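Spelled out, the chains give:
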Amino acid sequence: MAYDEMKKAEFSIVGTRPRRPDGIEKVTGKAQYGADMTAPGMLHGLILRSPHAHARIKTIDTSAAAAMPGVKAVVTQADLPEVEAQDLKDIRENVLAGEKALYDGHAVAAVAATSMSAARAALDKIKVEYEVLPHVTDVDEAMKPDAPVVQAGRADETVPEGFSENVTGHWEFGHGDVDAGLKKAYLVVTRSFRTAATHQGYIEPHACLASLNSEGKGELWCCTQGQYHVRSVCAGLFHMDESQLRVTPSEIGGGFGGKTTVFIEPVALALSRKSGRPVKVVMSREEVFRATGPTCSSSIDVEIGMTKDGRITAGRANLRLQGGAFPCATAYMAAQAAFAAYDLEAVRTYGYNALTNRPKEAAYRAPGAPMAVYAVESVVDELCEKLNLDPLEVRLKNAAKKGTLSSYGPTFNDIGLVATLEAVKAHPHYTAPLGPNQSRGLSCGFWFNFGGNASVSLAVDPDGTVSVTEGNPDIGGSRASISMMAAEELGIPYEKVRTIVADTASLGFNDTTDGSRVTFMVGLATIEAARAAKAEMCRRVAKLWELEEDAVRWEDGAVHPAGPNAGKHPPMTLAEIAAIAGNTGGPIAGHHEVNAEGAGVSFGAHLCDLEVDKETGATKIVRYTVFQDAGRAVHPDYVEGQMQGGAAQGIGWALNEEYIYGEDGRLQNAGFLDYRIPVASDLPPIETVILEIPNPGHPYGVRGVGETSIVPPLAAISNAVSRAIGVRMSETPMSPPRILAAIKG
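All values reported here derive from a predicted model rather than from experimental measurement.

### Regarding the overall build of the protein chain
Looking only at helices and strands, the protein chain has 21 helices and 27 strands in total. For 745 residues, the compact-globule formula gives about 27 Å, and the C-alpha radius of gyration of the protein chain, at 27 Å, lands near that figure. Considering only C-alpha atoms, the protein chain reaches an extent of 85 × 75 × 50 Å along its principal axes. Within the protein chain, contacts between residues at least 6 apart in sequence are counted, and of these 79% link residues at least 24 apart. Total accessible area on the protein chain stands at roughly 27,800 Å², and carbon and sulfur atoms take up 50% of it. One finds the centroid of the 70 positive side-chain charges in the protein chain at a distance of 3 Å from the centroid of its 90 negative side-chain charges.

### Structural notes on the pattern of salt bridges
Enumeration over the complete set of coordinates arrives at 51 salt bridges. Linking Glu303 and Arg316 is a salt bridge whose minimum nitrogen-to-oxygen distance equals 3.0 Å. Residue Glu303 is located in strand E13 (residues 297–306), and its partner Arg316 is located in strand E14 (residues 312–322); the two are separated by 13 residues in the primary sequence. For Arg703, the salt bridge goes to Asp629, with nearest N and O atoms at 2.9 Å. Linking Arg703 in the loop between strand E26 (686–691) and helix H20 (713–725) with Asp629 in strand E25 (residues 619–629), this pair joins segments that are 74 residues apart in sequence. A relative accessible area of 0% means that Asp629 is categorised as buried. When salt bridges with common partners are traced through the structure, they connect Arg20, Asp22, Lys26, Glu251, Asp474 and Arg479 into a single cluster.

### Overview of the sheet that holds E25
Strand order in the open sheet formed by four strands is E16-E24-E25-E26, and the pairing between neighbours is mixed. Across the chains shown, the open sheet's two edge strands, defined by having one partner strand only, are strand E16 (438–447) and E26. Recorded for the sheet is a direction-independent mean angle of 15° between the axes of neighbouring strands. Pairing between E25 and E26: six bridges, direction parallel. The residue of E26 that forms the bridge with Tyr624 is Ile686.

### Details of the pairing of E16
With nine of its ten residues buried, E16 lies for the most part within the structure. Examined bridge by bridge, E16 and strand E24 (residues 602–612) share ten bridges and lie antiparallel to one another. When the sheet's bridge partners are listed, Gln438 is paired in E24 with Glu611.

### A few points about the packing of aromatic side chains
In the structure shown here, the tally under the stated rule is 21 aromatic pairs. Consider the rings of Trp447 and Phe448, whose centres lie 4.9 Å apart with planes at 70°: the pair is edge-to-face. Across the pair, Phe448 and Trp447 agree in class, each one buried. When the ring of Tyr659 is compared with that of Tyr661, the centres are 6.3 Å apart and the planes differ by 45°; the resulting orientation is tilted.

### Re the environment of Met42
Of note, Met42 is situated in the loop between helix H1 (23–27) and strand E1 (43–49). The exposure class assigned to Met42 is buried, which follows from its relative accessible area of 14%. Each C-alpha atom, one on Met42 and one on Phe11, is 50 Å from the other, the two residues being 31 residues apart in sequence. The contact partners of Met42, leaving out residues within four places of it in the chain, are Met37, Leu209, Pro278 and Lys280.

### Overview of the nonpolar core
By size, the foremost hydrophobic cluster in this structure holds 70 residues, and its most contacted members are Val302, Ile304 and Phe446. For this core, the element with the most residues is helix H11 (residues 369–386), which contributes eleven residues. Counting residues in hydrophobic clusters, the runner-up holds 50 residues, among them Val14, Val466, Val468 and Ile492.

### Topic: the sheet that holds strand E7 (residues 167–175)
Pairing is mixed across the open sheet formed by six strands, whose spatial order is E7-E15-E14-E13-E8-E27. A strand with exactly one partner marks an edge of an open sheet, and here the two such strands are E7 and strand E27 (731–732). Where strand E8 (residues 187–195) meets E13, nine bridges bridge the pair, whose relative direction is antiparallel. Note that in E13 the partner of Arg191 across the bridge is Val302.

### Some remarks on the domain arrangement of the protein chain
Domains assigned within the protein chain are domain 1 (3–31 + 451–595), domain 2 (37–133 + 205–252 + 259–291) and domain 3 (297–449 + 600–744). Facing the 16 residues of domain 2 at the interface are 17 residues of domain 3. Both sides of the domain 2 and domain 3 interface together cover about 1,500 Å² of buried area, and 66% of this is carbon and sulfur. The interface formed by domain 2 and domain 3 contains one salt bridge. Here Asp104 and Arg666 are joined by a salt bridge, their closest N and O atoms 3.4 Å apart. On inspection of domain 2 and its partner domain 3, the count reaches five residue pairs in polar contact (both at pLDDT 80 or more). Mapped onto the side of domain 2 that touches domain 3, the elements with two or more residues apiece are helix H3 (86–95) and helix H9 (285–291). Residue contributions to the side of domain 2 that touches domain 3 peak at six residues, all from H9. Here the residues of the side of domain 2 that touches domain 3 are counted per class, giving seven nonpolar, three polar and six charged.

Parameters at a glance
Residues numbered from 1 in each chain as written. Predicted model: local features only at pLDDT ≥ 70, side-chain atom pairs only at ≥ 80, totals over all residues. Heavy atoms only, no water. Helix = DSSP H or I, 4+ residues; strand = E, 2+ residues; numbered from the N terminus. Rg over C-alpha atoms; globule rule 2.2 N^0.38 Å. Contact = heavy atoms within 4.5 Å. Areas by Shrake-Rupley, 256 points an atom, 1.4 Å probe, with all protein chains shown as cover. Lys, Arg positive; Asp, Glu negative; His and termini not counted. Charge placed at Lys NZ, Arg CZ, Asp CG, Glu CD. Salt bridge = Lys/Arg side-chain N within 4 Å of Asp/Glu carboxyl O. Buried < 20%, exposed > 50% of the residue type's maximum accessible area, 1.4 Å probe, protein only. Pairing = 2+ DSSP bridges. Axes fitted to C-alpha atoms, helices over the stretch in contact; angles between N-to-C directions. Phe/Tyr/Trp six-rings, centres within 6.5 Å; stacked < 30°, edge-to-face > 60°. Core = buried A, V, L, I, M, F, W, Y, C linked by side-chain atoms within 4.5 Å. Domains from an automatic or database assignment. Buried area = accessible area lost by both parts, 1.4 Å probe. Polar contact = N/O pair within 3.5 Å; in protein donor to acceptor, adjacent residues only side chain to side chain. Nonpolar A, V, L, I, M, F, W, Y, C, P; charged D, E, K, R; others polar.

Below, the structure written as structure tokens:
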């Protein structure tokens, strides 16, 4: 659906800042999260996990555990039906290990008991005999021909010869002659980078309550970003019809991509089926770190050439990512995102995925983009510094714009990168004076944004209020933004609309809440559902007035005569039409189902001022500003929150956060005490500048904003640190010991 030109300056609700609909319930503790649901006769489930990074499971003896008082079920992978589809095989293997435990924390068995204490005691009685195998946790080591093989036979046909069996995927993007382009350059910089795996750090651990009876009918309550995905996966694993499993999403205490996956739900269902009772499973924080998806870690080589006046002549990047013990395609997105901000005649990227003995990765906002852009933007900044060029002017000179053939294939439509960089240039932050030991870093950022499948139902209630039902869990303010767009389209107050998130039995299929798709995709469907309801109300009023349907029009929440020839009927409001709906044809509703396209890519730029203590290596962020194109900021408070949240998470990724594995392949910092996310004292007030370059693919011009903001921080901070200490940093996190080591050479 194309951008509605008539809406450019006519918004009355979109763009305002009404009170969030879920705020009171959340701050008063009334909101129901994943672990809050209970059921009569409920059992407590716990999972036994491997203490080894890689081991063959020779035997599992559950007899003693099953015989303990209060224990109602014990399950292993043998209790999960065999499946044929490879994606389901991988999930089955991940939720309960079969022949091998593939990483420290891999689930091996589970128990359900009448109390948590009984369940804990039962876990201790399960006897597992392991044969410990060689392991590998580093991506470069995993790719070597003689590396321990995590899973054999998983490489696809795209992988070049010369790598180990751990390399499962290879992707290539670009155009032009890179070697020829590099020869045209005045200066070429080649540098290698490494980024550590980081966790999304959501406060709420994974939790679910499952009930599956002997007749094959199931109920599942869980904290998830996609209840329809959970239903599809679990129904597939248990050979159920999807209609026989109802999945209800709870409120969600953070996800950031990490709850787009399935970890404990099949285990809870298996325990319920075996015990005949509802089973609740709630992960501990240690389990979340050891067994749920962090980001990939990466090893990246970048080569870029630049003329003396700042024109990039060519760029090339090799991106090697590990996504844990199962194949993933994050390197595919990383290879596409690396040079997306630039208009280049010659560019080539190569992405590789390698298996390691780590937990399966999960999305973290813009999967793959932060590490790829970090490497490219660092080299661009180094070229600017060596050539004594303004890093902002160089980016403006090379910026992608409408008509640019992107580095990954498509030609860009209307995009906001140049406008975003111009906003940086005009902002007082860019020219503000710096203090002693302080420096400034700049980075661009990019994310694709996605559309997808959405189903929306909009009901006009008898009292003139409106109920909207959508199928995407609200992780970024979607209930507010959907209500606002419905109210805008109908011409009624925001307070008259309530949006709820449906379970899987109450609405048609919806894709998962990820990819910055919801405000775009569900908003589009909501606008169309509202237009369908308006058309029905116009039809009914035209009939009442004995007019043709085209003789009436909808304006400001009411039906009006379309012109003087239609008579002098007083406007009939939505509330008045709703009140007599029973006499004019029955309930009034609008529905719309869509596979939305035209999401529109997103660009941003971040400015970071920081101070480095050269004696301790400690870094303090003193000022941070986020600039981003939102297309149309439906609810600016939420948009600013997304921009600030992504920046805060990126700051943690750049300076503190990392998965640390010992020589035994076990995770050493599986808790917030040792895995340090930023706290309030680590962060300055994060300023935001919202730009609005309407997305032509949406009737209100909306673009997704949830992921781009995590992409620039790594490079912006690295560039500032590098300039502050006079040494180029090339590895995250840039912890004090690492900065001191760089200073000392």
